Amino acid sequence: MTMNFRAEDLDLSGSKQRPLVPPSATPIEPAEILTRNRVLHMSEDKKFIIGTWECAPGSSRWEYPNREESIYVLSGTMTVQEDGGEPVKLTPGSSAVFPVGWNGTWTVHETFQKVYHIYRL
């Protein structure tokens, strides 16, 4: 079996990091949680997105009706709780997968940074 592997060095010197903005989720508490996002790679069809994300403390509701996301925590702490599930604390070094259909709450306790990979259906 032959496996194809591709590694890519990313030149970030020209990439722009967006300023802190309201998240794409529904804020819960406080109403003005802020995020910063840097897209490192996006496929031509925009189905695959890889980037870094930073969020200030607060809570927000997230719904994944047509995408899934995997994350790796760089810094900060956050608790995620799927609707009807138990809370799970994420800390530096944690990884998580939010599958299609996942719905729940993210509560950021201290400024949170992650690397993410999103796949859109």
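For the structure, check the block above.
Small disclaimer: the values here were computed from a predicted structure and weren't measured.

**Some points on the pattern of salt bridges**
Here is step 1: One pass over the full model with this rule turns up four salt bridges.
Here is step 2: Between Arg-61 and Glu-63 there is a salt bridge, and its shortest N-O distance comes to 3.3 Å.
Here is step 3: Accessibility expressed as a relative area gives 47% for Glu-63, which makes it partly exposed.
Here is step 4: Notably, a salt bridge pairs Asp-83 with Arg-61, separated by 2.7 Å at the nearest N-O pair. Taken together, the positions of Asp-83 in the loop between strand 5 (67-82) and strand 6 (87-90) and Arg-61 in strand 4 (residues 58-63) put the pair 22 residues apart, joining distant regions of the chain.
Here is step 5: Residues joined by salt bridges that share partners form a network here, namely Arg-61, Glu-63 and Asp-83.

**With respect to the nonpolar core**
Here is step 1: By size, the foremost hydrophobic cluster in this structure holds 19 residues, and its most contacted members are Trp-53, Ile-71, Met-78, Leu-90, Phe-98, Trp-106 and Phe-112.
Here is step 2: For this core, the secondary-structure elements that each account for two or more residues are strand 3 (48-55), strand 5, strand 7 (95-98) and strand 8 (103-120).
Here is step 3: Element by element, the count of residues in this core is highest for strand 8, at five residues.
Here is step 4: Setting aside its immediate chain neighbours within four residues, Met-78 contacts Val-88, Lys-89, Leu-90, Trp-106, Thr-107, Val-108, His-109 and Phe-112.

How each quantity is defined
Residues numbered from 1 in each chain as written. Predicted model: local features only at pLDDT ≥ 70, side-chain atom pairs only at ≥ 80, totals over all residues. Heavy atoms only, no water. Salt bridge = Lys/Arg side-chain N within 4 Å of Asp/Glu carboxyl O. Buried < 20%, exposed > 50% of the residue type's maximum accessible area, 1.4 Å probe, protein only. Helix = DSSP H or I, 4+ residues; strand = E, 2+ residues; numbered from the N terminus. Core = buried A, V, L, I, M, F, W, Y, C linked by side-chain atoms within 4.5 Å. Contact = heavy atoms within 4.5 Å.

Worth remembering: the numbers are spatial, not functional.
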